Amino acid sequence: MAFTLRSVKVPPNSASLEEARSRVFGFFKAACRSIPNIMQIYNLDDVVTTAQLRSAITSEFRKNSHVTNPKVIDMLLFKGMEELGNITEHAKQRHHIIGQYVVGRQGLVQDLGTKDKGMSDFLKSFYRSNYF
């Protein structure tokens, strides 16, 4: 497998909060514009729609909406650009994308009530006492 090493060009630091905000909005537009390409690369049409993927990206941005320090915003922006670059260059596999952006960080929702069905009282108390 051939791998090309590219130098990552770090943009200059933002001078003000407004400049950082404009960079964030530009990156958000670039991320949203790359969604159709990502859907095609990872064959995500059967798992998620473009609107759901866009809302996942929006929620990632809103997690850090409280940050007001331009240096921190620049660092988060750099990390986001690196993540988008890894995704568009196919450095991740399909299950990574599904796990991080489709299913979410919490994981699959598990139905905990159905596992006790058909078990004896002894097993129920044993499992209850040995789960930490």
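Residues numbered from 1 in each chain as written. Predicted model: local features only at pLDDT ≥ 70, side-chain atom pairs only at ≥ 80, totals over all residues. Heavy atoms only, no water.

1. Some points on a nonpolar patch on the surface
Which entries qualify depends on this criterion: Patches draw on residues past 30% relative accessible area with no salt bridge. Two like charges within 9 Å are joined, as are two nonpolar side chains (Val, Leu, Ile, Met, Phe, Trp, Tyr) within 5 Å. Accessible areas in this description were obtained via Shrake-Rupley with a 1.4 Å probe; residue shielding takes into account the shown protein chains only. Here a salt bridge means any side-chain nitrogen of Lys or Arg lying within 4 Å of a carboxyl oxygen belonging to Asp or Glu. Think of it this way: any DSSP run of H or I at least four residues long counts as a helix, any run of E at least two long counts as a strand, and we number them from the N terminus.
Taken together, the side chains of Phe122, Leu123, Phe126 and Tyr127 define a hydrophobic patch exposed on the protein surface, amounting to about 390 Å² of accessible area. Along the chain, the position of Tyr127 falls in helix 6 (residues 121-130).

2. Quick word on the packing of helix 1 (residues 17-33) against helix 4 (residues 70-88)
Operational definition: Working convention: axes come from line fits to C-alpha atoms, limited for helices to the stretch in contact. Angles between N-to-C directions cover 0 to 180 degrees. Under this scheme an angle from 65 to 115 degrees is roughly perpendicular, one under 35 degrees roughly parallel, and one over 145 degrees roughly antiparallel; angles in between are oblique. Helix crossings are classified by the rotation of the near helix relative to the far one: an anticlockwise turn of less than a right angle makes the crossing left-handed, while a clockwise turn makes it right-handed. It only takes one pair of heavy atoms within 4.5 Å for two residues to be counted as in contact.
Where helix 1 meets helix 4, the axes come as close as 10 Å, and the angle between the chain directions of the two elements is 15 degrees. In terms of their interaxial angle, helix 1 and helix 4 are classed as roughly parallel. Considering the relative orientation of helix 1 and helix 4, their crossing is left-handed. Taken together, the residues of helix 4 that come into contact with helix 1 (itself represented by Leu17, Ala20, Arg23, Val24, Phe27, Ala30 and Ala31) are Pro70, Ile73, Asp74, Leu77, Gly80, Met81 and Leu84.

3. A word on helix 1
Here is the rule: In a helix, the anticipated span is given by 1.5 Å times the number of residues less one. Only protein chains enter the area calculation, which uses a 1.4 Å probe; residues under 20% of their type maximum are buried, those over 50% are exposed, and those in between are partly exposed. Directions drawn from the helix axis to the C-beta atoms are what define this arc.
With 17 residues, helix 1 extends 24 Å from end C-alpha to end C-alpha; this agrees with the ideal 24 Å at 1.5 Å per step. Every buried residue of helix 1 is accounted for by Ala20, Phe27, Ala31 and Cys32. One side of helix 1 holds all its buried residues, which, seen down the axis, span an arc of 135 degrees. In this structure, helix 1 carries Glu18 and Arg33 as exposed residues pointing more than 90 degrees from its buried face. Summarising the contacts, the buried residues of helix 1 are in contact with helix 2 (35-42), helix 3 (50-63) and helix 4.

4. Concerning the pattern of salt bridges
What the rule picks out here adds up to 4 salt bridges. Across the salt bridge formed by Glu19 and Arg23, the nearest N and O atoms sit 3.1 Å from each other. Of this pair, Glu19 and Arg23 both sit in helix 1, 4 residues apart, which is roughly one turn of the helix. The salt bridge partner of Lys92 is Glu83, with a shortest N-O separation of 2.6 Å. On the accessibility criterion, Lys92 (12% relative accessible area) is buried. Residue class for Glu83 comes out partly exposed when judged on its relative accessible area of 23%.

5. Quick notes on the side chain of Ser34
Examined against the element boundaries, Ser34 turns out to sit in the loop between helix 1 and helix 2. Here Ser34 falls in the buried class, since its relative accessible area comes to 12%.

6. Focus: the confidence of the model for the protein
Low pLDDT means the predicted atomic positions in that stretch should not be read closely. The following threshold applies: Per-residue confidence from the predictor is reported as pLDDT, a score between 0 and 100.
With 78% of its residues at a pLDDT of 70 or more, the protein shows a mean pLDDT of 82. Within the model, pLDDT remains below 50 along residues 1-5, and this stretch shows 0 contacts once partners closer than five positions in the same chain are excluded.

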